[in-house]
Amino acid sequence: MDFNKELDTRGLNCPLPILKAKKALADMHSGEVLKVLATDPGSLRDFQAFARQTGNELVEQSSANDEFVHFLRRR
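Residues numbered from 1 in each chain as written. Predicted model: local features only at pLDDT ≥ 70, side-chain atom pairs only at ≥ 80, totals over all residues. Heavy atoms only, no water.

Caption draft 1: Local environment of the pattern of salt bridges. Per the stated rule, a full pass over the model turns up four salt bridges. Two residues, E57 and R73, come together in a salt bridge whose shortest N-O distance is 3.2 Å. Here E57 is found in strand 3 (residues 57–64), whereas its partner R73 is found in strand 4 (residues 67–73), with 16 residues between them in sequence. A relative accessible area of 41% means that E57 is categorised as partly exposed. R73 gets classed as partly exposed once you look at its relative accessible area, which sits at 30%. Beyond isolated ion pairs, a larger network of salt bridges with shared partners links D8, R10 and E67. (Salt bridge = Lys/Arg side-chain N within 4 Å of Asp/Glu carboxyl O. Helix = DSSP H or I, 4+ residues; strand = E, 2+ residues; numbered from the N terminus. Buried < 20%, exposed > 50% of the residue type's maximum accessible area, 1.4 Å probe, protein only.)

Right, dumping it as structure tokens:
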């Protein structure tokens, strides 16, 4: 998937991946896509809730080898 910015939050636990993603999205333009790399298993659920609460679109989530990738489109 194409993205405009990548954020590496591997090794960080909740709520840091969400807080860092929120800050990164604030610096992006509407429609741009943020890719977030995470190792916190709770990040799957956390980013779903974050998207619902903020109106940003959770475009895709995937996991492989204990790493999770989230793609968020800025509202």
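Caption draft 2: Just the environment of H29, in detail. Within the secondary structure layout, H29 lies in the loop between helix 1 (16–26) and strand 2 (33–38). The exposed category is assigned to H29, whose relative accessible area is 58%.

Caption draft 3: Here's a closer look at the packing of aromatic side chains. By the definition in use, this model includes two aromatic pairs. Note on F3 and F71: the rings are 6.2 Å apart at their centroids and 50° apart in plane angle, and the pair reads as tilted. On the criterion of sequence distance, the pair formed by F3 in the segment before strand 1 (5–8) and F71 in strand 4 is long-range, its members being 68 residues apart. Owing to a relative accessible area of 34%, F3 belongs among the partly exposed residues under this scheme. Residue F71 is classed as buried on the basis of its relative accessible area of 6%. Geometrically, the ring pair formed by F47 and F50 is edge-to-face, given 6.3 Å between the ring centres and 80° between the ring planes. (Phe/Tyr/Trp six-rings, centres within 6.5 Å; stacked < 30°, edge-to-face > 60°.)

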